[in-house]
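# Reading the structure
Each chain, written out:
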Amino acid sequence: MNYWLAKSEPVTYSWKQLVKDGKTAWTGVRNYQARNHLRAMKVGDRMLFYHSNEGRNAVGIAKVVKAAYPDPTAKEGDWCCVDFVPVKPLTKPVGLAMIKTDELLQEMVLVKNSRLSVQPVTEKQFNRVLELAGTRI
DNA sequence: GCCAACGTTGGC
DNA sequence: GCCAACGTTGGC
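Only a predicted model underlies this, so the values are computations on that prediction, with no experimental measurement involved.

This next bit is on the protein's contact with DNA strand C. Lining the immediate environment of DNA strand C, one finds Lys7, Tyr50, Ser52, Asn53, Arg56, Leu96, Lys100, Ser114 and Arg115. Backbone sugar and phosphate groups make up 67% of those atoms of DNA strand C lying within 4 Å of the protein. The side chain of Lys7 places a nitrogen or oxygen atom 2.7 Å from a phosphate oxygen of DNA strand C. Within the backbone of Asn53, one N or O atom sits 3.0 Å away from a phosphate oxygen of DNA strand C. Grouping the constituent residues of the surface near DNA strand C by class yields 2 nonpolar, 3 polar and 4 charged.

Set out below in structure tokens:
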């Protein structure tokens with residue numbers, strides 16, 4: 001299984017909205033690196049849902065339910081999206097400040113390239129975030 | 001609100 | 001193919 005992190009401004013699309021929707025098509029990605037990560041996703045992969053700008057914290061765990069397919073919102077270009085569903089919220093959201101000071105999370109892409117909207121996360125990092133969040137799947 | 005970092009575009 | 005200019009993102 002692979003682990004990922006998807007970022008969204010809560011103003012645009014929040015965890016709360018995801019829970020309400022029950023499922024979402026992660027459309028609108030227009031960055032090649034992020035797109036390639038979407039393409040590498042498999043059904044069942046786990047994902048951290050992160051709020052950028054407002055909150056700046058990982059707030060929930062999601063699960064990929066449909067692998068990459070053409071993004072219906074893309075009028076031109078070779079873009080794709082995946083579908084995912086919320087699994088559960090983090091008991092204690094893990095803030096960026098905490099991630100930056102945690103020894104085991106220094107190497108997270110979130111720390112090194114904060115602008116990438118879809119990022120790979122290692123199993124160790126994923127488990128560490130869950131540990132800090134006081135949450136088990 | 002500011003600005004650094006990054007990606008993209010276009011002139012040469 | 002290089003690089004300056006520009007737009008966007010997101011932390012602070």
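A few words on unusual backbone geometry. At Asn53, a residue that is not glycine, the phi angle is positive and equals roughly 65°. When you line up the elements, Asn53 lands in the loop between strand 3 (46-51) and strand 4 (57-70). In this structure, Arg56 takes a positive phi of about 50° despite not being glycine. Relative to the elements of secondary structure, Arg56 occurs in the loop between strand 3 and strand 4.

What counts and what doesn't
Residues numbered from 1 in each chain as written. Chains lettered and ligands numbered in written order. Predicted model: local features only at pLDDT ≥ 70, side-chain atom pairs only at ≥ 80, totals over all residues. Heavy atoms only, no water. Near = heavy atom within 4 Å. Polar contact = N/O pair within 3.5 Å; in protein donor to acceptor, adjacent residues only side chain to side chain. Nonpolar A, V, L, I, M, F, W, Y, C, P; charged D, E, K, R; others polar. Helix = DSSP H or I, 4+ residues; strand = E, 2+ residues; numbered from the N terminus.

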